[in-house]
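# Observations on the model geometry
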There are 2 protein chains.
Amino acid sequence: MKQTGDLNLVKKINKSIVLHHIRTDSPISRARIAEITGLTKATVSSLVNELIESSLVDEIGAGESSGGRKPMMLLFNGTAGYAIGVDLGVHDILAVLTDLTGKVISEKRVQHDNASVEAVIQLLRTTIRELIDSAPQSTYGIIGIGIGVPGICDDDGNLLFAPNLSWENVPLQKDIEETFHIPVVIDNEANAGAVGEKQFGAGKDTANLVYISIGIGIGAGIIIKGELYRGATGFSGEIGHISIQHDGPKCRCGSLGCWELYASEHALLEQARLELGEPAQLDKLLSKAEAGDEKVIALFERLGYYLGVGVVNIINGYNPEFIILGGRLAGAEKWLMKPLLQLLEKRSLPLPRKRLNVEFSQLSDRSTVLGAASFAVSKFFASTTVSIDGN
Amino acid sequence: MKQTGDLNLVKKINKSIVLHHIRTDSPISRARIAEITGLTKATVSSLVNELIESSLVDEIGAGESSGGRKPMMLLFNGTAGYAIGVDLGVHDILAVLTDLTGKVISEKRVQHDNASVEAVIQLLRTTIRELIDSAPQSTYGIIGIGIGVPGICDDDGNLLFAPNLSWENVPLQKDIEETFHIPVVIDNEANAGAVGEKQFGAGKDTANLVYISIGIGIGAGIIIKGELYRGATGFSGEIGHISIQHDGPKCRCGSLGCWELYASEHALLEQARLELGEPAQLDKLLSKAEAGDEKVIALFERLGYYLGVGVVNIINGYNPEFIILGGRLAGAEKWLMKPLLQLLEKRSLPLPRKRLNVEFSQLSDRSTVLGAASFAVSKFFASTTVSIDGN
DNA sequence: TAAGTTTGTTTAATGAATTTACAAACTTTC
DNA sequence: GAAAGTTTGTAAATTCATTAAACAAACTTA
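Residues numbered from 1 in each chain as written. Chains lettered and ligands numbered in written order. Predicted model: local features only at pLDDT ≥ 70, side-chain atom pairs only at ≥ 80, totals over all residues. Heavy atoms only, no water.

## Looking at the UniProt feature "domain: HTH marR-type" (unreviewed entry) in chain A
How we decide: UniProt positions are given in the numbering used here, feature names are shortened, and annotations may be inferred rather than shown by experiment. Where helices and strands are cited, they refer to DSSP runs of H or I of at least four residues and of E of at least two residues respectively, numbered from the N terminus.
In this numbering, the UniProt entry assigns the feature "domain: HTH marR-type" (unreviewed entry) to residues 16-58 of chain A. Between the first and last C-alpha atoms of residues 16-58 of chain A the distance is 16 Å; the span itself is 72% helix and 9% strand.

Listed below in structure tokens is the structure:
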């Protein structure tokens, strides 16, 4: 049933507000937190002391006086525990160990050939195990594992469908949880990427952003009012399958003229094959474009146009403040950005466009893995701020 | 800053939970509410008695015993106050007086020729005045006015842009508030329609629905987790301007191939003119189709196809549980539904479609006006208790 | 050195929920 | 029809997080 109100809830709310300010505005004093939040000094003091008790906050010494007693400055203790983030890709696994602030402590990257589901999961297990073993000693240890996957998940952490891996109904969360006995969160790689960008990338101060992952297909993570939008049944953002040509070519999803048939890596390589007369690879196309090959540059520019078509749809449909383009094709920003922006200028409604930013990701291929780690940290705080005192 | 927690908040939360159950599950006893919510009987008793004190709840006598003392049944007192809902259309105004349950008490419908902004607003004022005067005596009187408008609004109740009225920057909320000194809420007609459908129509038990208003243009109201999704800058759902043909004909919005160029009433009439060689009107086309005119039926069926194209995009983009089609064209359900469903069957991804319903509105042209009244009621409860969101 | 400011803690008060107890009103059972 | 058990709703005592007020410590300024 719905959450009712009691004193426990009040404390949980206030404690997480206090912790939030220590995490984002640190170093900060108790008095300043009281001033910002409207809580009394006594309340803040009490909550801060509990947070110190539980190792999540440290006092780092006196700050500058503003005409009276010097304030004791507080800092979030990012090393009270560690999280693991994983980007389970189609051809590789990228995994990081981060502290509670999201700072990367160590990183592993391994290739896989997707020989079997079990083989990949086994590789995943050994990769995670190595990172766990590399973690420094800490109060809470490894507090969780977040995994971004190239497919659709349900609420129970099952990977329902991952077309580019040809996986179906893999109980990934349960599997990894049983291996390590640590809380595991599974989510779509674009959702994870969106969270990564919001926490650590260009979207830091934004509550409404759309992260578009342009890879073999196109996926999107949508953050509304600071929260991921998952749709009714736990997955949305199948934005790659928004049709931009109702009578266009058939997509494997059953529809016609889907955006990702025009604006994905797969689409680019297919066009390159048709126009250049030979199978192409992304890195080769990139170096050719870099060398000034006009035919290849034209290919990228056309891709930029098609990206723009879909971005206009996203603007009109979601009215975000921020659109961040990421994924493998983010490396082609140089040639994609201009035609994309030109199209936006011409085609998007002026009102939704007013307060909008469109940028390529600054985190390169780490948006997803950082977001995944962030899922684990969020889950930890969601479960802890309530019962951390133990009473 | 963010809302902090205190005893007041706890009480607000619990009081609104209790009221929510009385509103939705009535008649209901105190004991049953305690059982459902997890609150203690003492707490429920105390809160219920305050609600009775404030006239929002009535005791209606003893219910059936289940083996012990008979329970005292509680009922929400819908007549403690009245709300006004308005659908400000392009050619007419529909306004209703409802009680707090949304039951329509009286109704007014007037035509207008949009001679000037001031003339329409004056007509709006006299219409509202008549409804106010027709309201029965009650504890709280007229608790608010909600207005659905065919355009884009900002948070301050300004009608920024209404293309089909040719209005721009009209401070409608302020204007009506100053006339009646009653709280006024302004919102887009599709947003109001979505809320109307959720409260009173087909979407009653749904937290995630999209209401598509097919009128002269196409608008949409999107409800996510029981709340309207407004986008970053207060308006979204410009779904009519999602392109379904990236190189299609130019739309007045600047883009090419927008959905509403294919699937709106305007589009239908334009096609009718081209194919039948004479200017057409919707009601005439409807009667011709009714009479079995195959050419006209084919027009509707093609419209159904184009509706489906956009609906597939909405399914893939928002993954709602429920899509409700409303607006003037809802009257053509008979010919639109079949090609629409056929298209969905063929083109939408199986997973998002699984738990999805697509229906035409049952409220005919009252979705918007009922939703608008509901806005006023919600605002009233938000100020007295705390927002009542429907699970 | 004295006066004023700022920080953070202590103490008492507030009030909403919980726990426990209980009376009243019913039904069931023998 | 009386006794036993159940259900409903209220009352009294307790709990606990917040607030308000007072205060000591630490610092700046004049």
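## As for the interface of chain A and chain B
Rule in force here: The contact criterion used is simple: two residues touch if any of their non-hydrogen atoms lie within 4.5 Å. Nitrogen and oxygen atoms within 3.5 Å of one another constitute a polar contact, given that in protein one can donate a hydrogen and the other can accept it, and given that sequence-neighbouring residues count only through two side-chain atoms.
Contacts between the two partners involve 66 residues from chain A and, on the opposite side, 66 residues from chain B. The interface formed by chain A and chain B includes 24 residue pairs in polar contact (both at pLDDT 80 or more). Among the secondary structure elements, those contributing two or more residues to the side of chain A that touches chain B are α1 (7-25), α2 (30-37), β9 (159-162), β13 (218-224), β14 (227-228), α10 (294-318), α11 (333-347) and α12 (350-353) of chain A. If one sorts the elements of the side of chain A that touches chain B by residue count, α10 of chain A sits on top with eight residues.

## Describing the nonpolar core
Selection criterion: Definition used in this section: a nonpolar core is a set of buried Ala, Val, Leu, Ile, Met, Phe, Trp, Tyr and Cys residues joined via side-chain atoms within 4.5 Å. Accessibility here uses a 1.4 Å probe with only protein chains present; expressed as a share of the type maximum, an area under 20% marks a residue as buried, one over 50% as exposed, and anything in between as partly exposed.
If you look at the biggest cluster of nonpolar residues, it comprises 92 residues, and the most contacted ones within it are I212, W259 and F300 of chain A together with I212, W259 and F300 of chain B. In this structure, F300 of chain A is in contact with L268, L282, L285, L286, A289, L329, A332, W335 and L336 of chain A, ignoring residues within four places of it in sequence. Counting 31 residues, the second largest nonpolar core, distinct from the first, contains V86, I132, I142 and I147 of chain B.

## A few points about the relation of the copies chain A and chain B
What counts is decided by this rule: Each copy is superposed on the other by least squares, with the fit set by C-alpha atoms of residues at a pLDDT of at least 70 in both.
Rotating chain A by 180 degrees and translating it 0.0 Å along the rotation axis places it on chain B, where the RMSD comes to 0.1 Å. Interpreted geometrically, this transformation is the action of a two-fold axis.

## Notes on the pattern of salt bridges
The condition that has to hold: The working definition used for a salt bridge is a side-chain nitrogen of Lys or Arg within 4 Å of a carboxyl oxygen of Asp or Glu.
A complete count under the given rule lists 36 salt bridges over all chains for this structure. One salt bridge connects E265 of chain A with R328 of chain A, and the closest N-O pair in it is separated by 2.7 Å. Of this pair, E265 of chain A sits in helix α8 (residues 265-276) while R328 of chain A sits in the loop between β15 (322-326) and α11, and the two are 63 residues apart along the sequence. For the salt bridge of D187 of chain B with R230 of chain B, the shortest nitrogen-to-oxygen distance reads 2.1 Å. Here D187 of chain B is found in strand β11 (residues 184-188), whereas its partner R230 of chain B is found in the loop between β14 (227-228) and α7 (260-263), with 43 residues between them in sequence. Under the relative-accessibility criterion, D187 of chain B is labelled buried at 5%. Within this structure, E107, R109, D365 and R366 of chain A form a network of salt bridges that share partners.

## Topic: the domain arrangement of chain A
Residue and element names in this part refer to chain A. Stated precisely, the cut-off is as follows: Just so you know, the domain bounds were taken from an automatic or database domain assignment. Buried area is a sum: the accessible area each of two parts loses on coming together, probed at 1.4 Å, counted once for each and added. Throughout this entry, Asp, Glu, Lys and Arg are counted as charged residues, while Ala, Val, Leu, Ile, Met, Phe, Trp, Tyr, Cys and Pro are counted as nonpolar. The remaining residues, Gly among them, count as polar.
Partitioning chain A into domains gives domain 1 (7-76), domain 2 (81-193 + 368-386) and domain 3 (202-362). Put simply, the middle of domain 1 and the middle of domain 2, counted by C-alpha atoms, are 32 Å apart. At the junction of the two partners, domain 1 supplies 10 residues and domain 2 supplies nine residues. Both sides of the domain 1 and domain 2 interface together cover about 810 Å² of buried area, and 70% of this is carbon and sulfur. Taken as a group, K12, L56 and F76 account for 48% of the area that domain 1 buries against domain 2, more than any other trio of residues on that side. Joining domain 1 to domain 2, the criterion identifies one residue pair in polar contact (both at pLDDT 80 or more). Ranked by the residues each element gives to the side of domain 1 that touches domain 2, the list is headed by α1, at six residues. Residue classes in the side of domain 1 that touches domain 2 are distributed as three nonpolar, four polar and three charged.

## Thoughts on the packing of aromatic side chains
All names here are of chain A. Counted only if it meets this: Side-chain rings of Phe, Tyr and Trp, where Trp is taken by its six-membered ring, are said to pair if the distance between their centres is within 6.5 Å; with planes under 30 degrees apart they count as stacked, over 60 as edge-to-face, and otherwise as tilted. Each ring is checked for a lysine NZ or an arginine CZ that lies within 6 Å of its centre and within 35 degrees of its normal; such an atom marks a charge sitting over the ring.
In the structure shown here, the tally under the stated rule is 13 aromatic pairs over all chains. With 5.4 Å between their ring centres and 55 degrees between their planes, F380 and F381 make a pair best called tilted. When sorted by exposure, F380 lands in the same class as F381, which is buried. Linked through ring pairs, F76, Y140, F380 and F381 together constitute an aromatic cluster. Here the basic side chain of R23 rests over the ring of F76, its NZ or CZ set 5.4 Å away from the ring centre.

## Side note on the sheet that holds β14 of chain A
Residue and element names in this part refer to chain A. Just so we agree on the cut-off: The pairing criterion for strands is at least two bridges between them, as found by DSSP.
Across the sheet, which stays open at both edges, the five strands sit in the order β14-β13-β12-β15-β16 with mixed pairing between neighbours. Two strands lie at the open edges of the sheet, namely β14 and β16 (357-360), each paired on one side alone. Judged from the four bridges that link them, β15 and β16 form a sheet pairing that is parallel. Along β16, the bridge assignment pairs F322 with N357.

## Focus on unusual backbone geometry
All names here are of chain A. Residue P27 follows S26 across a cis peptide bond; omega there is 0 degrees. Checked against the element boundaries, P27 lands in the loop between α1 and β1 (28-29). Its identity is not glycine, yet S55 carries a phi of approximately 70 degrees, on the positive side. Its location among the elements puts S55 in the loop between α3 (41-53) and β2 (57-62). A positive phi angle is found at K225, which is not glycine, with a value near 50 degrees. Of note, K225 is situated in the loop between β13 and β14. The class of K225 is exposed, set by a relative accessible area of 55%.

## With respect to the packing of helix α4 (residues 117-133) of chain A against helix α5 (residues 172-180) of chain A
Residues and elements named next belong to chain A. The condition that has to hold: Angles shown run from 0 to 180 degrees and are taken between the N-to-C directions of axes, each axis being a line fitted to C-alpha atoms and, for helices, limited to the stretch in contact. The cut-offs work like this: below 35 degrees is roughly parallel, past 145 is roughly antiparallel, 65 to 115 is roughly perpendicular, and the gaps in between are oblique. Note: crossing handedness is left-handed where the near helix turns anticlockwise from the far helix by less than a right angle, and right-handed where it turns clockwise.
Where α4 meets α5, the axes come as close as 11 Å, and the angle between the chain directions of the two elements is 45 degrees. Between α4 and α5, the crossing angle belongs to the class labelled oblique. Of the two elements, α4 crosses α5, and the hand of that crossing is right-handed. Between α4 and α5, the contacting residues are I121, L124, R125, I128, R129 and I132 on the first element and L172, D175, I176, T179 and F180 on the second. Grouping the amino acids of the contact of α4 with α5 by side-chain chemistry returns seven nonpolar, one polar and three charged.

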